[in-house]
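Here is how the chains run, residue by residue.
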Amino acid sequence: QVQLVESGGGLVQAGGSLRLSCAASGRTFSSYVMGWFRQAPGKEREFVAGIRSGGNTYYADSVKGRFTISRDNAKNTVYLLMNSLKPEDTAVYYCAADFGFAVATEAAKYDYWGQGTQVTVSS
């Protein structure tokens, strides 16, 4: 069983930055693929970024160049640094863990989910 706890969300003005954190339980964190997803009101949950156990990263086109995903295996934590935030980035952000090998963009592929953290970007 893996438990994921996100933190770091909040209210920020457009153009600002936030860093989300996701702390994971479990002794094999380093072997998980970790992903960040987001869900805005009335919309489907969408892939934002993912990172493989070896550190390879993948991003949705909408956040490429603005967001950075990273992981600290010693701390069992994955991060999402979000720069140049836009109002359309407003959503609940979730981290997720996958026992697979490659980064999946489909939410159904992930085995464990956090409770989510709200990010609101004002214009």
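Before going into details, it helps to say that this report is about the structure given with it. (Residues numbered from 1 in each chain as written. Predicted model: local features only at pLDDT ≥ 70, side-chain atom pairs only at ≥ 80, totals over all residues. Heavy atoms only, no water.)

Structural notes on the sheet that holds strand E8 (residues 77–82)
Line of reasoning, step 1. With antiparallel pairing, the 4 strands of this open sheet are ordered in space as E1-E3-E8-E7. At either margin of the open sheet sits one strand with a lone partner, and together these are strand E1 (4–7) and strand E7 (67–72). Each strand of the sheet is rotated relative to its neighbour by a mean of 15°, with strand direction disregarded. (Pairing = 2+ DSSP bridges. Helix = DSSP H or I, 4+ residues; strand = E, 2+ residues; numbered from the N terminus. Axes fitted to C-alpha atoms, helices over the stretch in contact; angles between N-to-C directions.)

Thoughts on the environment of Asn73
Line of reasoning, step 1. Residue placement: Asn73 occurs in the loop between E7 and E8.
Line of reasoning, step 2. C-alpha of Asn73 to C-alpha of Phe29: the two residues are 44 residues apart in sequence and 6.7 Å apart in space.
Line of reasoning, step 3. Apart from the residues within four sequence positions on either side, Asn73 is in contact with Phe29, Ser30 and Ser53.
Line of reasoning, step 4. Reaching out from Asn73, the side chain makes a polar contact with the side chain of Arg71 at a distance of 2.9 Å. (Contact = heavy atoms within 4.5 Å. Polar contact = N/O pair within 3.5 Å; in protein donor to acceptor, adjacent residues only side chain to side chain.)

As for the nonpolar core
Line of reasoning, step 1. Leu4, Met34, Trp36, Leu80, Met82 and Tyr93 are the most contacted members of the largest nonpolar core, which totals 37 residues.
Line of reasoning, step 2. Looking at this core element by element, the count peaks at 5 residues for strand E9 (residues 91–98).
Line of reasoning, step 3. Ignoring sequence-local partners within four residues, the contact set of Leu80 consists of Leu18, Arg19, Leu20, Trp36, Val48, Ala49, Phe67, Thr68, Ile69 and Tyr93. (Core = buried A, V, L, I, M, F, W, Y, C linked by side-chain atoms within 4.5 Å. Buried < 20%, exposed > 50% of the residue type's maximum accessible area, 1.4 Å probe, protein only.)

Remarks on unusual backbone geometry
Line of reasoning, step 1. Phi is positive for Asn76, close to 50°, though the residue is something other than glycine.
Line of reasoning, step 2. Its place among the elements puts Asn76 in the loop between E7 and E8.
Line of reasoning, step 3. Phi at Ser84 is positive, roughly 50°, even though this residue is not glycine.
Line of reasoning, step 4. For Ser84, the position within the fold is in the loop between E8 and E9.
Line of reasoning, step 5. Classification of Ser84 as partly exposed rests on a relative accessible area of 41%.

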